[in-house]
Amino acid sequence: MAPDRSEDVVIDIHGLTKRFGDKTVVDDVSLDVRRGEIVGFLGPNGSGKTTTIRMICGLLRPDAGSGTCLGLDIRKDANRIKRLVGYMTQRFSYYEDLTIRENLDFVARIYALPDRAAVVKRTLERLGLYGRRDQLAGSLSGGWKQRLALAASVMHQPRLLLLDEPTAGVDPQARREFWDEIHTLAEDGLTVLVSTHYMDEAERCHRIIYIAYGKIVAGGTVEEVIESSGLSTIIVSGRDVGTIAKIVRDRPGVEQVAPFGNDLHVVGPDPAALRAAVDAALAETGSDAVASAGQTNLEDVFIRLMQTAQAGDLPANGRPTATERSP
Amino acid sequence: MSGGFSLSRVLALMVKEFIQMRRDRLTFAMIIGIPIIQLVLFGYAINLDPKRLPTLIVAGDGGPASRAIVAAMEASGYFSVAPGLATEAEANEALIDGSASYVITLPPGFERDLVRGSRPQLLVEADATDPAATSNALGALPQILSSALKRELTGPLAAEASVPSAVDLVIQRRYNPEGITAYNIVPGLLGTILTMTTILMTALALTREIERGTMENLMATPATPFEIMIGKIVPYIGFGLVQVSVILVCAQILFHVPMMGSFVVLLAVTFLFIGCNVTLGYTFSTIARNQMQAMQMTFFWFLPSILLSGFMFPFRGMPEWAQLIGSALPITHYIRSVRGIMLKGSGPADLTGEMWPLAAFWLAAGAIALFRYRRTLD
Ligand SMILES: Nc1ncnc2c1ncn2[C@@H]1O[C@H](COP(=O)(O)OP(=O)(O)OP(=O)(O)O)[C@@H](O)[C@H]1O
Ligand SMILES: [Mg+2]
C-alpha cells in the first residue's frame with residue numbers, strides 16, 4: 001500500500017442515486033476504485049451503467065449521494081474533474097462531418113495540448129489511421145469509429161478513463177490490442193472503469209462490479225464472484241444433447257441449461273441435486289452422452305444474478321469493498 | 001483555475017464550426033443565393049402604399065387657407081400632421097432622425113399672396129429614403145391641395161383653385177431624389193437577410209450537437225459555457241459579414257445604391273447587429289430541444305422583424321403598440337442606421353440612439369443564453 005491513502009483512491013462515491021421521473025435508475029450505488037485498477041462494470045441493458053458513469057464525470061447531477069473523483073467533489077468540481085478524466089461515450093460522439101485528423105485536432109485544442117501537430121500525428125500512427133487521416137469520421141466503419149473515439153479519449157493523458165462499452169463491434173484482434181494498451185496504461189497508474197457485455201473482457205479486469213436494476217448486486221475478482229454465487233456446473237457431451245436439454249430443464253435443482261456446440265452446460269445451486277437431475281435425464285433418454293463436473297463460468301453467474309435481481313431478491317452483501325481486494 | 005477562460009478551447013470550437021460550415025454545401029450555397037434572390041425580388045417587385053406618415057408644418061403665418069390645407073391632408077389619410085408649427089431647424093432635424101416623413105413649408109405671406117392670386121410657393125420636403133412610403137402621398141398631393149383651395153377661394157379666384165395656378169407647389173425628395181425603391185429596399189434587405197440566416201445558423205448550433213449526440217462529448221470536455229458560446233457565435237459573425245459584403249456588392253451592381261456615409265461606421269453597426277442576431281440564435285438553441293423547435297423559434301422571430309421594423313411598412317405609420325414592439329427589435333435600429341449611413345451620410349453621433357439599443361440587446365441575449373445553458377444532460 002502506498003503511504004498516502006487518499007492519493008490512491010480514484011473514485012470514492014457513496015449512495016449515488018439517480019431518478020428519471022419516478023423511475024429510480026441508479027439506486028444507492030457506492031464505488032471505491034484504486035489507482036491503477038481496471039474495474040469492469042457489467043450489467044444487463046438498462047441497468048444504469050451509463051447513468052452511473054455520467055454522474056461520475058459530472059454529466060448528470062445525482063439526486064442523492066456524494067463522493068469524490070480523483071480527490072475532487074463530483075458535485076462541486078465537475079469542471080476540474082473533466083480535465084483529468086477521459087470519457088468514451090457509448091454512442092460515437094465525435095463529429096462525423098469532420099475528418100479523423102480534424103477531430104483529433106479539435107480534442108488536442110480543447111485540452112490545450114502542447115505540440116498539437118505532433119501529438120495528433122503520433123495518435124494517428126498508433127491507431128494505424130495515418131493513411132486515412134483525411135477521411136470523414138462519419139464514413140468509418142463501426143469498429144474504426146470506436147477505435148478513433150478511444151484514441152481521442154486518451155490523447156490528453158487522463159488519470160481516470162471511463163469507457164462505456166468501448167469495444168462494441170470491434171474485431172477480436174483490435175480488441176486484444178485495445179486491452180493490451182489498457183493494461184499498459186494501468187501499469188503507469190491510469191485507472192480504468194470500463195462497462196462491457198463481454199465475458200472475456202470481464203475476465204481481463206482486475207475486478208468487476210455487477211449492477212442490475214440500478215443496484216450493485218455483486219463485485220470482486222472474477223473467481224470471487226463465481227465462487228460467491230455458489231453455483232456448480234455439469235457438462236454433458238455427446239449426441240442427443242438437444243433432447244437431454246429439454247428434459248433436464250424442468251428438473252428440480254436445475255437453474256440454467258445452455259448448449260455450447262456439442263456440449264451442454266447444466267447449472268444449479270446444489271451439486272448433489274444437479275448430479276441427480278442430470279443422471280436421471282441421461283437414464284431417461286438412454287443416451288450414451290457423458291456427464292462431467294465443469295467450471296461454472298461468469299456468464300452463468302450473471303444470468304443468475306439478473307434473474308434473482310428481477311425477482312427482487314437481492315443479496316445483502318452485494319456491495320464490493322476495496323479493502324478486501326486490491327489489484 | 002477551473003473557471004479560467006482558455007483561448008485554445010475557444011479556438012478549437014471555432015475551427016470546428018468553420019469546417020462544419022464549409023462542408024455543409026447546401027447551407028453555404030443558400031447563404032450566397034438567398035440574398036441575391038431576395039434582393040432582386042424585393043428591389044424590383046415590391047411596392048407599398050403606406051398611410052398616415054408624420055408630417056410637420058413650418059408656416060410663416062397661419063390662416064384659413066393653411067388650416068384648410070392641413071385639414072385636407074389629414075383627411076386624405078396619407079399624412080398625420082403634428083399639432084402646432086415647427087421651426088425650420090426642428091423640421092430639418094426631424095427629417096434626419098426619421099421622426100417626420102414630410103415637412104410642409106408655407107412661406108411668410110402665403111395667405112395674402114394666395115388671395116391676391118400671386119401664386120405663393122408651397123414647399124413639400126419628403127424623406128424619400130423609402131420611396132414606397134412617400135411616392136403615393138406625393139402623387140396625391142396636387143389633388144388634395146386643389147380641393148382644399150377650392151373651398152377657401154371664392155369669388156373670382158375660385159376659378160384658379162387648381163394647383164398649378166393658385167400655388168407654386170415645390171416638391172423636394174430628400175435623400176433619394178429620384179425615388180428609387182431599391183435604395184430603401186437594400187438597407188431593409190440587409191437587415192432581414194441577416195436576421196434570417198444568422199439567427200437560424202446559431203439556433204441550430206447546440207440543438208444539432210444534441211441531436212447528433214456530440215453534445216455529450218462536448219460536455220465532458222473542460223470547455224465552459226462561456227467558451228462554448230463564444231466559439232459558436234464568432235464564426236457566424238464572420239459569416240454574416242461575408243453576407244453583408246455580398247449584398248452590398250450586388251446592391252451596387254444592380255441598383256447603384258449610393259453610399260453617403262462611412263464604411264467603417266456601417267461595419268460597426270453591422271457588427272453590433274450581427275452580434276445581436278447570433279447571440280439571440282444561440283439563446284434559442286439553449287431553449288429549443290431539437291433543431292425543428294429551433295427553426296420554429298427563428299421563424300417566429302422573423303415575422304415581427306419584417307413586419308414591424310419599418311422594412312415593410314413605414315415605422316411612423318404603424319400604430320403605437322406596433323412601434324413599441326418594433327423598437328425592441330434589433331433590426332428596426334439596424335435598418336434605420338443603414339438608411340441613415342447610406343442615404344443621409346449619418347455619422348456615429350447621429351446613430352447613438354440606434355447603437356445603444358443594439359448593444360443592450362446583445363448583452364441581454366448573451367446573459368440569457370448563459371443562464372439557460374444546460375451544463376448537464378439532465
Ligand atoms: N435521459 C433519460 N431520461 C429518462 N430515462 C433515462 C434517461 N437516460 C437513461 N434512462 C433510463 O435509465 C435506465 C438506465 O439507462 P442506462 O443507459 O444507464 O443503462 P445501461 O446500463 O447503460 O444500459 P446498456 O447496457 O443498454 O447501455 C434505462 O431504463 C433508461 O431508459
Ligand atoms: Mg449504457
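Residues numbered from 1 in each chain as written. Chains lettered and ligands numbered in written order. Predicted model: local features only at pLDDT ≥ 70, side-chain atom pairs only at ≥ 80, totals over all residues. Heavy atoms only, no water.

Now for the overall build of chain B. The helix and strand tally for chain B stands at 15 helices and 5 strands. In terms of overall dimensions, chain B has C-alpha extents of about 90 × 35 × 35 Å along its principal axes. For chain B, buried positions account for 56% of its 378 residues. Taking the intrachain contacts of chain B between residues at least 6 apart in sequence as the baseline, contacts between residues at least 24 apart amount to 82%. When the accessible area of chain B is evaluated, it comes to approximately 15,900 Å², of which 66% is carbon and sulfur surface. Between the mean site of the 26 positive side-chain charges and the mean site of the 26 negative ones, chain B shows a separation of 9 Å. (Helix = DSSP H or I, 4+ residues; strand = E, 2+ residues; numbered from the N terminus. Buried < 20%, exposed > 50% of the residue type's maximum accessible area, 1.4 Å probe, protein only. Contact = heavy atoms within 4.5 Å. Areas by Shrake-Rupley, 256 points an atom, 1.4 Å probe, with all protein chains shown as cover. Lys, Arg positive; Asp, Glu negative; His and termini not counted. Charge placed at Lys NZ, Arg CZ, Asp CG, Glu CD.)

Quick look at the site of ligand 1 now. Residues and elements named next belong to chain A. Around ligand 1 lies a shell of 14 residues, among which Gly-46, Lys-49, Thr-50, Thr-51 and Gln-90 are the nearest. In the environment of ligand 1, an oxygen atom lies 2.9 Å from a nitrogen or oxygen atom belonging to the side chain of Asn-45. A distance of 3.3 Å separates an oxygen atom of ligand 1 from a polar atom in the backbone of Ser-47. Its free accessible area being 640 Å², ligand 1 has 66% of it covered by the protein chains. Those elements giving two or more residues to the shell around ligand 1 turn out to be strand E2 (23-34) and helix H2 (49-56). A total of 3 residues in the shell around ligand 1 trace back to one element, the largest contributor, which is H2. A class-by-class count of the residues in the shell around ligand 1 yields 3 nonpolar, 8 polar and 3 charged. (Near = heavy atom within 4 Å. Polar contact = N/O pair within 3.5 Å; in protein donor to acceptor, adjacent residues only side chain to side chain. Nonpolar A, V, L, I, M, F, W, Y, C, P; charged D, E, K, R; others polar.)

What follows covers the interface of chain B and chain A. The interface is formed by 31 residues belonging to chain B together with 26 residues belonging to chain A. Together chain B and chain A conceal approximately 2,800 Å² of surface at their shared face, both sides included; 55% is due to carbon and sulfur atoms. Linking chain B with chain A are 4 salt bridges. The salt bridge involving Arg-212 of chain B is made with Asp-97 of chain A; its shortest N-O contact spans 3.2 Å. Where chain B touches chain A, the interface holds 16 residue pairs in polar contact (both at pLDDT 80 or more). At the level of secondary structure, the elements contributing two or more residues to the side of chain B that touches chain A comprise helix H1 (7-23), helix H8 (181-212) and helix H9 (214-220) of chain B. For the side of chain B that touches chain A, the leading source of residues is H1 of chain B, giving 11 residues. A per-class count over the side of chain B that touches chain A returns 12 nonpolar, 9 polar and 10 charged. (Buried area = accessible area lost by both parts, 1.4 Å probe. Salt bridge = Lys/Arg side-chain N within 4 Å of Asp/Glu carboxyl O.)

Moving on: the sheet that holds strand E4 (residues 121-127) of chain B. Residue and element names in this part refer to chain B. The strand order across the open sheet built from 5 strands is E2-E1-E3-E4-E5, with neighbouring strands paired in mixed fashion. The open sheet is flanked by strand E2 (79-81) and strand E5 (168-174), the only strands paired with a single partner. Sheet twist, expressed as the average angle between the axes of neighbouring strands with direction ignored, equals 25°. Both E4 and E5 contribute to a ladder of 7 bridges, which runs parallel. Note on E5: the bridge partner recorded for Asp-127 is Arg-174. (Pairing = 2+ DSSP bridges. Axes fitted to C-alpha atoms, helices over the stretch in contact; angles between N-to-C directions.)

Another point: the packing of aromatic side chains. Ring pairs (aromatic) are described by centroid distance and by the angle formed between their planes. All names here are of chain A. Tallying each qualifying case throughout the model produces 11 aromatic pairs over all chains. When the ring of Phe-92 is compared with that of Tyr-94, the centres are 6.0 Å apart and the planes differ by 55°; the resulting orientation is tilted. The class for Phe-92 is buried, based on a relative accessible area of 11%. Taking the relative accessible area as the measure of exposure, Tyr-94 reaches 7% and is therefore buried. (Phe/Tyr/Trp six-rings, centres within 6.5 Å; stacked < 30°, edge-to-face > 60°.)

Residue and element names in this part refer to chain B. Segmentation of chain B into domains returns domain 1 (53-174) and domain 2 (181-372). Between the C-alpha centres of domain 1 and domain 2 there is a distance of 39 Å. Taken residue by residue, the interface counts 11 residues in domain 1 and 9 residues in domain 2. For the domain 1 and domain 2 pair, buried surface summed over both sides reaches about 880 Å², with 63% attributable to carbon and sulfur atoms. Looking only at domain 1, the three residues that lose the most surface to domain 2 are Ile-96, Thr-129 and Asp-130, adding up to 49% of its buried area. (Domains from an automatic or database assignment.)

Bringing unusual backbone geometry into the picture now. Residue and element names in this part refer to chain A. Within the chain, Asp-28 stands out as a residue other than glycine whose phi angle is a positive 55°. The topology assignment puts Asp-28 in strand E2. On the basis of relative accessible area, Asp-28 is assigned to the partly exposed category, the value being 38%. Although it is not a glycine, Leu-70 adopts a positive phi angle of roughly 55°. Here Leu-70 is to be found in the loop between strand E4 (64-69) and strand E5 (72-73). Judged by its relative accessible area of 13%, Leu-70 falls in the buried class.

The next subject is the pairing of strand E13 (residues 263-268) of chain A. Note on strand geometry: in a regular strand, side chains alternate between the two faces of the sheet. Residue and element names in this part refer to chain A. Within E13, 5 of the 6 residues are buried, which leaves the element mostly enclosed by the surrounding structure. Where strand E12 (residues 256-260) meets E13, 5 bridges bridge the pair, whose relative direction is antiparallel. Of the residues in E13, the one forming a bridge with Pro-259 is Leu-264.

Residue and element names in this part refer to chain B. Going through the model one piece at a time under the given rule, you end up with 30 salt bridges over all chains. Notably, a salt bridge pairs Glu-227 with Arg-9, separated by 2.6 Å at the nearest N-O pair. One end of the pair, Glu-227, is in helix H10 (residues 225-255); the other, Arg-9, is in helix H1, with 218 residues separating them in the sequence. Of the two residues examined, Glu-227 and Arg-9, each falls in the buried class. Note that Arg-208 is salt-bridged to Glu-17, the shortest N-O span being 3.2 Å. Pair noted here: Arg-208 is in helix H8 and Glu-17 is in helix H1, with a separation of 191 residues, a long-range link.

Looking now at the coordination of the magnesium ion (ligand 2). Residues and elements named next belong to chain A. Coordination of the magnesium ion (ligand 2) by the protein is provided by Thr-50 (OG1) and Gln-90 (OE1), with metal-donor distances spanning 1.9 to 2.2 Å. Taken together, the residues Thr-50 in helix H2 and Gln-90 in the loop between strand E6 (85-88) and helix H4 (100-110) connect sequence positions 40 residues apart. Look at Thr-50 and you get buried, because its relative accessible area is 18%. (Donors = N, O, S within 2.8 Å, 3.2 Å for Na, K, Ca; no water.)

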